[in-house]
Amino acid sequence: MMQAMIFAAGLGTRLKPLTDTMPKALVRVGGEPLIKRVIMNLDAAGVDRIVVNVHHFAGQIIDYLKDNDNFGLDIRISDETAGLLETGGGIKKAAPLFDHTDPILIHNVDILSNVDLREFYQVASRSEKGKVKSEESECGSEKGKVENEDGRGKNEESNCCDAVDAVLLVSWRKTKRYLLFNDDMKLVGWTNIETGEVRSPYPELNPKECRMYAFAGIHALSPRLLKMMDEFPDRFGIIDFYLKACATHNIKGYVKDDLKLMDIGKLDTLAQAEEFLEELGDRN
C-alpha cells in the first residue's frame, strides 16, 4: 500500500484576509483549491490512502472532500479542532489511521513542486528493504559508517543502506536555517547561519564540516518511527523529532538539484503561482 498525509490544519495567517473565511487548503491556485492539487498529484503517483489533518475551518475541508466523493480515494480525517499539534504531533495523532507496514509520505498542502512523488516514495520503500539509493550512487561503498561525537563517520563493516528510517527532500537554496548532513547524507544536525545556533545530538559537530541543505517540506518516514513518537508530547515539530531520532536512527537526505518548489504561504507568492504552474506545465 502507498500512503500519504497532507498537512492541512494550519491557520494560514500569512494568507489573510483570504483565510479569515476559509482554510488555506481551499485557497485556489490556477482555479483549483490547493488541497485538490496535492491530492491529484498523490493520486497520479499511485497513493492508495491519504490522511488529512484539519483544524482551521475544518468543516469546510471535510465537506469539500465529501462533495467530491474523496476523489475516489481512501481519504481519512485526523481531527485537530481541539488544538493544533504542529507537524510532529499531527503525525503522532494520525498514527492509528496508517497502515504500519509501509512508509508514509508527508506533504504540506501549500507546496507546489516538480517532484516525482512516485519516485520519491519508491526511495523510501526501498529503504524499508535496505536498498535506498541516493541520486548520485548506491549509498557509497559497501562499508557502513558509525558516527563519532562530531557526527562524522568512521568505517565499520555494515551496510550503510540498512534500516533507513526517514527520507527528507532537500535542496540547496539561500535561507537562514539548514539541515546538516554527513558525507553519507545522514542527518546529523541543524543550524541557523544568521545566529550561529547549532542543534545536534553530536556535541562536537562542526557545521563547516557538514553538507548543508534546506528542507523542502516533503518527506517519508518508516512506520518504525511512530513508536518513538510516544516519547514526545502531544504537540511537537517534526524537525525537533528528526534531530533527536538521528542519534539512534538513520534519517537520510534526498537531494534534488533541479528542484522547482513554491511555498504558497504569502499573498505575493499566491499572485506568482499561476506563472509557476505554467512553468511546471500544469495550467489546469
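Look above for the structure.
Below you will find a few notes about this structure. (Residues numbered from 1 in each chain as written. Predicted model: local features only at pLDDT ≥ 70, side-chain atom pairs only at ≥ 80, totals over all residues. Heavy atoms only, no water.)

## Comments concerning the overall build of the protein
Consideration 1: The helix and strand inventory of the protein stands at seven helices and 16 strands.
Consideration 2: Expressed as a percentage of the 284 residues in the protein, the buried residues total 50%.
Consideration 3: Contacts spanning at least 24 positions in sequence make up 71% of the contacts within the protein whose residues lie at least 6 apart.
Consideration 4: Surface summary for the protein: the accessible area is close to 13,600 Å², and the carbon and sulfur share equals 45%. (Helix = DSSP H or I, 4+ residues; strand = E, 2+ residues; numbered from the N terminus. Buried < 20%, exposed > 50% of the residue type's maximum accessible area, 1.4 Å probe, protein only. Contact = heavy atoms within 4.5 Å. Areas by Shrake-Rupley, 256 points an atom, 1.4 Å probe, with all protein chains shown as cover.)

## Considering the pairing of strand β14 (residues 211-221)
Consideration 1: Taking burial as the measure, the 11 residues of β14 include eight buried ones, the bulk of the element.
Consideration 2: As defined by bridge partners, strand β6 (residues 104-108) adjoins β14 across four bridges and the pair is classed as antiparallel. If you follow Ile 104 over to β14, its bridge partner there is Leu 221.
Consideration 3: Where strand β10 (residues 164-171) and β14 come together, five bridges link them in antiparallel fashion. Residue pairing in the sheet places Val 170 in a bridge with Phe 215 of β14.
Consideration 4: Of the pairings in the sheet, the one linking strand β11 (residues 177-181) to β14 comprises three bridges and is antiparallel in character. Bridge pairing in β14 links Leu 180 to Met 212. (Pairing = 2+ DSSP bridges.)

## Looking at helix α7 (residues 267-280)
Consideration 1: An ideal rise of 1.5 Å per residue puts 20 Å on 14 residues; α7 measures up with 20 Å between its terminal C-alpha atoms.
Consideration 2: The sharpest bend along α7 comes to roughly 40 degrees, located at Ala 273.
Consideration 3: Turning to α7, its buried residues are Thr 269, Leu 270, Ala 273, Phe 276 and Leu 277.
Consideration 4: Packing partners of the buried residues in α7 comprise β2 (28-29), α1 (34-45), β7 (111-113) and β16 (261-263). (Expected span 1.5 Å × (residues − 1). Bend = angle between axes of the 7 residues up to and from the residue.)

## Focus: the pattern of salt bridges
Consideration 1: Tallying each qualifying case throughout the model produces 15 salt bridges.
Consideration 2: Across the pair Arg 235 and Glu 86 runs a salt bridge, and its minimum N-O distance is 3.0 Å. Of the two residues, Arg 235 is situated in the loop between α5 (224-228) and α6 (238-245) and Glu 86 in helix α3 (residues 86-94); the sequence distance between them amounts to 149 residues.
Consideration 3: With relative accessibility at 40%, the residue Glu 86 sits in the partly exposed group.
Consideration 4: With a closest N to O distance of 3.6 Å, Lys 227 and Asp 230 form a salt bridge.
Consideration 5: Taking relative accessible area as the criterion, Lys 227 reaches 63% and is therefore assigned exposed.
Consideration 6: Through salt bridges that share partners, Arg 49, Asp 74 and Arg 76 make up one connected network. (Salt bridge = Lys/Arg side-chain N within 4 Å of Asp/Glu carboxyl O.)

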